[in-house]
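Residue-level structure breakdown
Each chain is listed here by its residues.
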Amino acid sequence: MVHTDVGIVHPGAMGAQVAAQVRAAGSRVWWLPQGRSAETRRRAAELGLLPAGSMAELTAECTLLLSVCPPAAALDVARQTAAAGFEGVYVDANAVSPRRMAQIAEALHGTGATLVDGGITGPPPREAGTTRLYLSGHDTVVSGVRALFDATLLTPVVLAGPVGRASALKLAFAAYNKISYALAAEACALAEDHGVLDDLLDVAAHLLPDTPLARPEQLASAGPRAWRWEPEMREIAEAWRGSGLTGSFADAAADTFERWHAHKDDRSVTSGQLLADLIGRGPEEAG
């Protein structure tokens, strides 16, 4: 099926760039301005997204909906979509656990909608080869979603198997990738508290180059995104426990990221400020 009208819920930093790829592929993209921030409205206007007056209008206009939102909102968005009577293809591309994906499937059950499990790895797609969209679910439907993103900057990758596999892969990768930032921050905070941070950065640059531990600018980049990473860690903890593993690594990382919520979308935050948040001092005391 060719999807000429696609909906995006909601076009944040990642979702907006995903929507841009859909538009570049020739589809009209609709979104729901209701309750969204001025920044999100500006972003949607710049991309030429079409505003829908309600969820009912959005679902009526579109044959495919992309859910790209904070993990904690994913189930609620699916329930809103189901309540609006959507009967098309629903792609949940959020960082949620397989168990949460099963709840989303249950929310859509009996509505006529077909669920596709999606997992995005990499940054918002602005150049080729950086970002992938993993997909799993019903073969024919998944193939249609893959075709939507062919020849775009977002590379679709199909995983054989049912809904839940793409989410599991996404969380497994995010567990290693993002917990490494929390671990680096905690190590740096310990060193800072004892006056040996510069020495730690020196040894890390020597032995672990190109890691968040060796590059403070990489560490600082976690601050503006921590408000999204914290609930993602909770999902990872749940997924691990569902597989009989301990979720303590992810719980600890979530606690670290939770301390940085005040820096939401603040691109000027420094690694020194983030470390100060962890060790409970003012930035001037933390050096």
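Structural notes, computed from the coordinates. (Residues numbered from 1 in each chain as written. Predicted model: local features only at pLDDT ≥ 70, side-chain atom pairs only at ≥ 80, totals over all residues. Heavy atoms only, no water.)

1. Here we look at a nonpolar patch on the surface
Among the surface-exposed residues, Val203, Leu207 and Leu208 lie close enough to one another that they form a single nonpolar patch of about 270 Å² accessible area. With respect to the helices and strands, Val203 occurs in helix H8 (residues 197–207). Judged by its relative accessible area of 37%, Val203 falls in the partly exposed class. (Patch = residues over 30% accessible without salt bridge, like charges linked within 9 Å, V, L, I, M, F, W, Y side chains within 5 Å. Areas by Shrake-Rupley, 256 points an atom, 1.4 Å probe, with all protein chains shown as cover. Salt bridge = Lys/Arg side-chain N within 4 Å of Asp/Glu carboxyl O. Helix = DSSP H or I, 4+ residues; strand = E, 2+ residues; numbered from the N terminus. Buried < 20%, exposed > 50% of the residue type's maximum accessible area, 1.4 Å probe, protein only.)

2. Re the packing of helix H7 (residues 165–193) against helix H10 (residues 226–242)
Packing of H7 against H10 leaves a shortest axis separation of 10 Å and a crossing angle of 125 degrees. Classified by the angle their axes make, H7 and H10 are oblique. Our pair here, H7 against H10, has a crossing hand that is left-handed. Here Lys170, Leu171, Ala174, Ala175, Lys178, Ile179 and Tyr181 of H7 come into contact with H10, specifically with Trp229, Glu232, Met233, Glu235, Ile236, Ala239 and Trp240. (Axes fitted to C-alpha atoms, helices over the stretch in contact; angles between N-to-C directions. Parallel < 35°, antiparallel > 145°, perpendicular 65-115°, else oblique. Left-handed = near helix turned anticlockwise from the far one by under 90°. Contact = heavy atoms within 4.5 Å.)

3. A few points about the packing of aromatic side chains
Counted by the stated rule, this structure contains four aromatic pairs. Where Trp229 meets Phe257, the ring centres are 5.4 Å apart and the plane angle is 75 degrees; that geometry is what we call edge-to-face. Of this pair, Trp229 sits in helix H10 while Phe257 sits in helix H11 (residues 248–258), placing them 28 residues apart in sequence. Geometrically, the ring pair formed by Trp240 and Phe249 is edge-to-face, given 6.5 Å between the ring centres and 80 degrees between the ring planes. Residue Phe249 is classed as exposed on the basis of its relative accessible area of 56%. An aromatic cluster is built from Tyr181, Trp229, Phe257 and Trp260, whose rings are joined through pairwise contacts. Above the ring of Trp227, the side-chain terminus of Lys264 is found at 4.1 Å from the ring centroid. (Phe/Tyr/Trp six-rings, centres within 6.5 Å; stacked < 30°, edge-to-face > 60°. Lys NZ or Arg CZ within 6 Å of the ring centre and 35° of its normal.)

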